[in-house]
Amino acid sequence: MTDAAANSPRIDRLRAGLKKRYAREKRFRAYGLLAIAIAVGFLVLLLGRIVEQGHTAFYAHTVTVPVYMDPARIDRGYPQGTNFEQLVAEQQLARMGVQDDAAGTKATAMRGLFSSELKYLAADRVARQPGLIGQTVTIAAPASDDADLFFKGKVSRDTPADQRRLSDQQIQWLDQMKADGHVSAHFNSGLFTRGDSTEPELAGVLGAVIGSALMLLVTALIAIPLGVGAALYLEEFAPKGKLTDLIEVNINNLAAVPSIIYGLLGLALFINWMHLPRASPLVGGLVLALMALPTIIIATRSSLKAVPPSIREAALAMGASKTQTVFQHTLPLAMPGVMTGAIISMAHALGETAPLLLIGMVSFVPGLPHSLVEPTGALPSLVYIWENASERAFHERTAAAILVLLAFMIVMNAAAILLRRRFERRW
Amino acid sequence: MKFKLFRAPDGSQGGGSAPEAPVISTPVVTHGAGPVGPTKISARDVSVFYGDKQALYDVSLEIPDKTVTALIGPSGCGKSTFLRTMNRMNDTISHCRVTGRIEMDGEDINAKSVDPVLLRARVGMVFQKPNPFPKTIYENVAYGPRIHGLASSKGELDDIVQISLKRAGLWEEVSDRLHSPGTGLSGGQQQRLVIARAIAVEPEVILMDEPCSALDPIATAKIEELIDELRERYCIVIVTHSMAQAARVSQRTAFFHLGRLVETGPTEEIFTNPRERRTLDYITGRFG
Amino acid sequence: MTWLFLPILIAAAVAAFLGGRALARRRSEGQRAHSRPGQHGAYALIWTAVPALIVLIAASVFSPQVERQLMASGAPEAVQQLEHFRREAFYADARAVGAGHQTAQIWPAPYAELLPAEGQRAHRISLMLSLGGIVAAALAALLGALFVFSQIRPGMRARNRVEGWIVGALFACSAVAVLTTIGIVASLVYDSIRFFHSVPITEFLFGTQWSPQTAIRADQIGSSGAFGALPLFTGTFLIMLIAMCVAAPVGLFSAIYLSEYAGPVFRATVKPVLEILAGVPTVVYGFFAALTVGPALRTFFNTIGSWMVGGPLDGLGQYLMLVQNQMALVAGGVMGIMLIPFVSSLSDDIINAVPQSLRDGSYAMGATKSETVKRVLLPAALPGVSGAMLLAMSRAIGETMIVTMAAGLAAKLTLNPLETVTTVTVQIVTLLTGDQEFDSPKTLAAFGLGLTLFLVTLLLNIVAQRIVQTYRQQYD
């Protein structure tokens, strides 16, 4: 007890500072939590905004219109040549009791409410059933991008008429169609079954998805064997020396080279020098393969490192050659890790955009790609192209394309995680 | 029961007021030879669990002041675990749970009102491997006084550093290079630096967890000498693997086996005339 | 074209394998062979396929050069006299005509007439080269096969030879990584040198005027176009600085919290979230910056500006009212968010590498967690953390999509985060995605910028990796 007494002024002194120290501790801890909250908050904001902007692209509106297949206007031999949009617009005006002027401006305005797809739908019907000519057919006509946005509530009536793309009259017509119960929303399957188009309501991501898939195929076929081979050499065969060190440093640095530099390399090497076709999946895949290579090498090496030396020694002691040991024992054991690393680097390559822009994937490519050597789009470059498009309807489609891109990345990453969980081995 | 490492002081009990704790009369350890002080730390039925695994079973031990108490026993016997309960270092391990009662000067150190930060300022600790911070020698020793606000001026801090280094027997060797990194010293010097760092906050108890196991024999001899000197001012508890070391530096010895305290008493008695068969087996080298 | 030969080659290789195996069986009947028949077969396969493949690759890599030479040597006088870039464009169109495609541009009188004939010539040349390649490859395969079949006998160490080839192939794989670097350096340097022929390097590095658009016509190379890249460098630096102001504290503090404070459950929840943030493609961040953050910040500043107008800070208010979506703050801020997980995971690794004994030492002195972090862990981890920051800076400098979509095009020499600036990467994309032909000084300027970017990021990476490596070794 005497000690405690002797120490008490010192303890008092210690205690005196405590309150301040704990306040500082609390503050510091709060900074840490705040930092995490910021990071997580931004992720939520980012994804939330994209879902908010993009979810409307997954459905589209159609207007059910009766169409009198006027025999006077339709060429039986070539129904595709008929201006069905004009036909429908005029009939619609007549039904609504609107008198058009001599220049036909009102019919033009009405036509603007329907997608040009209407023409193909109607022509297709007539071509298949020529007997319909002279009868009245009900067609679910897709709304034009502006009309669709209006039905989705994305066009404000309060905006001055000269600043919106729909006139007061068009809005009134749309309101009337809606009031009559002709307007219905449905799943926008075209988004997933079509290629790119200059008209937003006809634009889909399928072309870009196929383009990306072709590109990833090239990337995987080149980068994975090369990467695994290089890792095997460096980890199992390479003599320790200057050259190996150089290769190692080189690979580490390659992994950190900005992706746009790979784009420049691709442009100079594959397009300008080797004259491979611009904007083709082949060139895109080659560039992405060079980019993915260092990542795959690094991942493969670390999973080869994780295989204990005792396995190699056991095989060697059985009289297996070095090559047999590597290919029959080490590599199979390291395979789950190799595949995980490969899938993750493929997912990364899928989202890479900058090099694609430089090899020409910035221009509009309609339709679906057929080959490795023709210009195509890719999902990330489609996002870039759509984001730059002036039509507002492309905004929601951009966000939708992002959602598709993210979905693919999530699937790939989930596959990698599952693979790791399933085959993970602790030595 | 889950411990949080750093509890903010309760609003109710302000900076200066003494924590309420039942004061239990502290029995003076009488048996045995040598200058043995009054009981400084008293442990009753202390058990420690790591998750589901129990590492320590109902240990009760009185540790006298101004004395070196050695905790011996084979590896994994719980001696280090017990040592770490005395300054609540086990709090830093999230799945670790301590039951029983440990009192210092009659005050329960696991009580809610006791702040581990304050407790550790009173109970210093030296680890197996010398762990000087990657700072200068001076900054290493000044670390404790700085964080606890023990020096009000630069001069005072200089004095504390000098006195601590002198007490740790390191002053002669480092006085001319106080501002070179502490990690540049030799192993033995590093360990003495860490001891100087611990005594710079004027603790009442110094816990040493196998302080010489990473050192060569000459450095070990120096540390042992130092421990003997420090005994005059502090209550010292040392965990050691070496029975010879326990015999050389300690006045009292506690023998642990399989998480239980087997026997405790004056060092001489334990080594010459143990009461327990297991102690005899251990000190004669039949196991361990 | 040449690659049409590939299926034939594969078939030949398979045949060589089967033949080699059968031959080895027959020749070693009744004897003890060194290697198994399959290994002889593999050896035969290698000798058939590899020489032919090398020929094919060489043919497809070098035939464009040869083609160019042949085109140039036989070109009509009028074409010979064309200025370099125009001549290249002419050849490109001739090739297009030869392959039955449209020309990229309309050619004036003398050239338009020359095109069909030149196109036919181009077509002949390319056909000849392809055929030549195929014949050479076939010859190589044949010679290889003849050689290997003469070698097969019981005593031949086929296994060792095959393994030698395998190791050689693996070495070639790792050489690709080195070749990539050489390719990057070569292509950047080659085109940059051509660029610096028309624009002096000092003007490029220190000039304050950047307006490449004025040099769009070929007959005014560099003479009136301004290629002073200093505003791009400052713009890049500004955006990087803003990004680091966001990423460094947030990333570091989240790393500290995750490694020192968070419980296992919290850690297991937040880490994947940060990984998602790291996995989001940069084009998505660009979209977010351009359509969400940009307009939001602009509205914010404009509103503040409108409050200030008429008050004592009228000038500032007027200024804030005119702030644009593309201000540096938007791209920099979003880039900072993108870098948070990068900084956080690197710092996390580095803080975790600090030995536990230092934490124990500090706690045993009665230090609180924050004191331990601030006075022991961070000083100990400082070199590693600074290396991580350098890596993050290199990332920020090389990042393209966010700035392309959210920063401006105007090259302004300013460090004001509310101004619109442009960066090196934005200009590379802009210069190369327009509709002009290759080989104009504009496109070459992109390679000059690329070379600068490559050198700066390389330097940052090398320094950072050195620092981190030394740091890790210290605690190993």
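Residues numbered from 1 in each chain as written. Chains lettered and ligands numbered in written order. Predicted model: local features only at pLDDT ≥ 70, side-chain atom pairs only at ≥ 80, totals over all residues. Heavy atoms only, no water.

> How do you make sense of the overall build of chain C when you look at a structure like this?
Secondary structure summary: chain C contains 17 helices and two strands in total. If one aligns the C-alpha atoms of chain C with their principal axes, the spans along those axes are about 95 × 75 × 35 Å. Taken over 476 residues, chain C has a buried fraction of 50%. Approximately 20,600 Å² of chain C is accessible, and the part contributed by carbon and sulfur atoms is 67%. Charged side chains of chain C number 30 positive and 25 negative; the gap between the two group centres comes to 15 Å. (Helix = DSSP H or I, 4+ residues; strand = E, 2+ residues; numbered from the N terminus. Buried < 20%, exposed > 50% of the residue type's maximum accessible area, 1.4 Å probe, protein only. Areas by Shrake-Rupley, 256 points an atom, 1.4 Å probe, with all protein chains shown as cover. Lys, Arg positive; Asp, Glu negative; His and termini not counted. Charge placed at Lys NZ, Arg CZ, Asp CG, Glu CD.)

> Can you help me understand the sheet that holds strand β3 (residues 183-187) of chain A in this one?
Across a sheet, paired strands are connected by hydrogen bonds in the backbone, their directions being either parallel or antiparallel. Residue and element names in this part refer to chain A. With antiparallel pairing, three strands are arranged side by side in an open sheet as β2-β1-β3. Across the chains shown, the open sheet's two edge strands, defined by having one partner strand only, are β2 (136-142) and β3. This sheet shows a mean twist of 35° between the axes of neighbouring strands, independent of strand direction. In this sheet, β3 lies alongside strand β1 (residues 59-68) in antiparallel orientation, the contact comprising five bridges. Looking at β3, one finds that threonine 62 is bridged to serine 184. (Pairing = 2+ DSSP bridges. Axes fitted to C-alpha atoms, helices over the stretch in contact; angles between N-to-C directions.)

> Sorry, what's going on with unusual backbone geometry here?
What is expected of a backbone is that most residues other than glycine have negative phi and most peptide bonds are trans. Residue and element names in this part refer to chain B. Positive phi, normally seen in glycine, also occurs at aspartate 45, with a value near 50°. Relative to the helices and strands, aspartate 45 resides in strand β1 (residues 39-50). By relative accessible area, aspartate 45 is classed as partly exposed at 46%. The phi dihedral of glutamate 210 is positive, around 45°, even though this residue is not glycine. You can see glutamate 210 is positioned in the loop between β7 (205-209) and α7 (217-230). The class for glutamate 210 is buried, based on a relative accessible area of 8%.

> I tried to follow the domain arrangement of chain C on my own but got confused; where do I start?
One widely used convention gives an interface's size as the accessible area the parts lose upon coming together. In terms of domains, chain C is made up of domain 1 (2-156) and domain 2 (215-475). Measuring from the centre of the C-alpha atoms in domain 1 of chain C to the corresponding centre in domain 2 of chain C gives 47 Å. (Domains from an automatic or database assignment.)

> Please explain the pairing of strand β8 (residues 235-239) of chain B as it appears in this structure.
For a regular strand, side chains alternate in direction, first toward one face of the sheet and then toward the other. Summarising burial for β8(B): five of the five residues are buried, a large majority. The β-α-β motif built from β7(B), the intervening α7(B) and the parallel element β8(B) has right-handed crossover chirality. (Right-handed = clockwise from strand over helix to strand, strands pointing away.)

> Is there a simple way to think about the nonpolar core in this case?
Looking at soluble globular proteins, one finds that nonpolar side chains tend to be buried together. Counting 197 residues, the largest nonpolar core has Val205(A), Ile261(A), Ile184(C), Trp210(C), Tyr285(C), Ile428(C) and Leu449(C) as its most contacted members. Top contributing element to this core by residue count: helix α8 (residues 230-261) of chain C, with 16 residues. Setting aside residues no more than four positions away along its own chain, Ile261(A) makes contact with Ile184(C), Leu188(C), Gly450(C), Leu453(C) and Phe454(C). Within the second largest apolar cluster, 43 residues are counted, among which are Leu170(B), Cys212(B), Ile227(B) and Val249(B). (Core = buried A, V, L, I, M, F, W, Y, C linked by side-chain atoms within 4.5 Å. Contact = heavy atoms within 4.5 Å.)

> It is not clear to me how the interface of chain A and chain C should be interpreted in this structure. Could you clarify?
With 76 residues of chain A at the interface, the matching set in chain C holds 81 residues. The junction of chain A with chain C conceals about 7,000 Å² of combined surface from both sides, 76% of it contributed by carbon and sulfur atoms. Our count for the chain A to chain C interface comes out at one salt bridge. Measuring nitrogen to oxygen at the nearest pair gives 2.7 Å for the salt bridge that ties Arg21(A) to Glu371(C). Ranked by the residues each element gives to the side of chain A that touches chain C, the list is headed by helix α1 (residues 2-54) of chain A, at 21 residues. The residue inventory of the side of chain A that touches chain C, partitioned by class, reads 54 nonpolar, 15 polar and seven charged. (Buried area = accessible area lost by both parts, 1.4 Å probe. Salt bridge = Lys/Arg side-chain N within 4 Å of Asp/Glu carboxyl O. Nonpolar A, V, L, I, M, F, W, Y, C, P; charged D, E, K, R; others polar.)

> Please clarify how the domain arrangement of chain A should be interpreted in this entry.
Residues and elements named next belong to chain A. Domain parsing of chain A yields domain 1 (62-186) and domain 2 (206-423). Listed per partner, the contact involves five residues of domain 1 and four residues of domain 2. Around 480 Å² of area is buried between domain 1 and domain 2 when both sides are counted, 46% of it from carbon and sulfur atoms. On the domain 1 side of the contact with domain 2, Asp145, Leu149 and Lys154 bury the most area, a combined 70% of that side's loss. Where domain 1 packs against domain 2, one counts two salt bridges. The closest approach of N and O atoms between glutamate 396 and lysine 152, which form a salt bridge, is 2.8 Å. The interface formed by domain 1 and domain 2 contains three residue pairs in polar contact (both at pLDDT 80 or more). (Polar contact = N/O pair within 3.5 Å; in protein donor to acceptor, adjacent residues only side chain to side chain.)

> Where do I start with the UniProt feature "domain: ABC transmembrane type-1" (unreviewed entry) in chain A in this structure?
Feature annotation in UniProt assigns "domain: ABC transmembrane type-1" (unreviewed entry) to the following positions: residues 209-416 of chain A. Helix makes up 78% of residues 209-416 of chain A and strand 0%. Its end C-alpha atoms lie 20 Å apart. (UniProt positions renumbered as here; feature names shortened; annotations may be inferred.)

> How should the packing of helix α14 (residues 369-398) of chain C against helix α17 (residues 441-475) of chain C be read in this particular structure?
Two quantities define a packed helix pair, namely the angle between the axes and the distance from one axis to the other. Residues and elements named next belong to chain C. At a minimum axis separation of 8 Å, α14 and α17 run at an interaxial angle of 160°. By the criterion of interaxial angle, the relationship of α14 to α17 is roughly antiparallel. Viewed along their axes, α14 and α17 form a crossing whose handedness is left-handed. Among the residues forming the contact of α14 with α17, the class breakdown is 17 nonpolar, seven polar and no charged. (Parallel < 35°, antiparallel > 145°, perpendicular 65-115°, else oblique. Left-handed = near helix turned anticlockwise from the far one by under 90°.)

> For this particular structure, what's the right way to read the UniProt feature "transmembrane region" (unreviewed entry) in chain A?
With numbering aligned to this structure, UniProt lists the feature "transmembrane region" (unreviewed entry) at residues 28-51, 205-234, 254-276, 282-300, 331-351 and 399-419 of chain A. The span residues 331-351 of chain A is 100% helix and 0% strand, and its two end C-alpha atoms sit 29 Å from each other.

> Explain the packing of aromatic side chains here, please?
Two aromatic rings, taken as a pair, are described by how far apart their centres are and by the angle between their planes. Counting across every chain of the model gives 25 aromatic pairs over all chains. Here the aromatic rings of Tyr257(C) and Tyr261(C) are separated by 5.6 Å at their centres, their planes lie at 15°, and the arrangement is stacked. Residue Tyr257(C) and its partner Tyr261(C) are located together in helix α8, separated by four residues, close to a single helical turn. Since its relative accessible area comes to 5%, Tyr257(C) is described here as buried. Judged by relative accessible area, Tyr261(C) falls into the buried class, the value being 9%. The ring of Tyr59(A) has Lys152(A) lying over it, and the distance from NZ or CZ to the ring centre is 5.2 Å. Note that Arg97(B) overlies the ring of Phe49(B), its terminal NZ or CZ placed 4.2 Å from the centroid. (Phe/Tyr/Trp six-rings, centres within 6.5 Å; stacked < 30°, edge-to-face > 60°. Lys NZ or Arg CZ within 6 Å of the ring centre and 35° of its normal.)

> Please clarify how the pairing of strand β9 (residues 252-257) of chain B should be interpreted in this entry.
Residues and elements named next belong to chain B. The element β9 is extensively covered by neighbouring structure, given that six of its six residues are classed as buried. Covered by surrounding structure in β9 are Arg252, Ala254 and Phe256 together with Thr253, Phe255 and His257, the residues of both alternating faces. Examined bridge by bridge, β9 and strand β10 (residues 260-266) share six bridges and lie antiparallel to one another. Across the sheet, the residue bridging to histidine 257 is arginine 260, located in β10. The antiparallel hairpin formed by β9 and β10 contains two residues in its connecting segment, where leucine 258 sits at a positive phi of about 50°.

> Can you walk me through the side chain of Gln189(B) in this structure?
Residues and elements named next belong to chain B. In this fold, glutamine 189 is placed in helix α6 (residues 187-199). Within the local environment of glutamine 189, its side chain forms a polar contact with the side chain of glutamate 173, the two groups lying 2.9 Å apart. A polar side-chain atom of glutamine 189 sits 3.0 Å from the main-chain amide nitrogen of serine 186. Beyond its immediate stretch of four places on either side in the chain, glutamine 189 contacts Leu170, Glu173 and Arg177.

> Just checking my understanding: could you explain a positive patch on the surface for this structure?
Together, Lys20(A), Arg24(A), Arg27(A) and Lys374(C) make up a positively charged patch on the protein surface. If you tally residues by element for the positive patch, the top one is α1(A), at three residues. (Patch = residues over 30% accessible without salt bridge, like charges linked within 9 Å, V, L, I, M, F, W, Y side chains within 5 Å.)

> What's the story with helix α10 (residues 259-273) of chain A in this structure? I'm lost.
Working note: α-helix, 3.6 residues per turn, so residues spaced by three or four point in the same direction. All names here are of chain A. If you check α10, its first and last C-alpha atoms are 20 Å apart, about what 15 residues at 1.5 Å a residue would give, namely 21 Å. Along α10, the sharpest change in direction is near 25° and occurs at glycine 266. The buried fraction of α10 amounts to 13 of the 15 residues, a majority that puts the element mostly inside the structure. Once α10 finishes, histidine 275 follows within two positions and takes phi at roughly 55°, a positive value. (Expected span 1.5 Å × (residues − 1). Bend = angle between axes of the 7 residues up to and from the residue.)

> Would you mind going over the sheet that holds strand β3 (residues 68-72) of chain B with me for this structure?
Residues and elements named next belong to chain B. One open sheet accounts for six strands, arranged β6-β7-β8-β3-β9-β10; its pairing is mixed. Strands at the two margins of the open sheet, each flanked by one partner only, are β6 (123-126) and β10. Neighbouring strand axes in the sheet, compared pairwise and without regard to direction, differ in orientation by 15° on average. Alignment of β6 against β7, held across four bridges, turns out to be parallel.

> Explanation requested: the pattern of salt bridges in the structure shown.
As a working rule, side chains carrying opposite charge can pair if their charged atoms are close by. By the definition in use, this model includes 40 salt bridges over all chains. Arg101(B) is the salt-bridge partner of Glu103(B), the closest N and O atoms lying 2.6 Å from each other. Given the relative accessible area of 3%, Glu103(B) is considered buried. Here the salt bridges share partners, and the residues they tie into one network are Asp148(A), Lys152(A), Lys154(A), Glu396(A) and Arg397(A).

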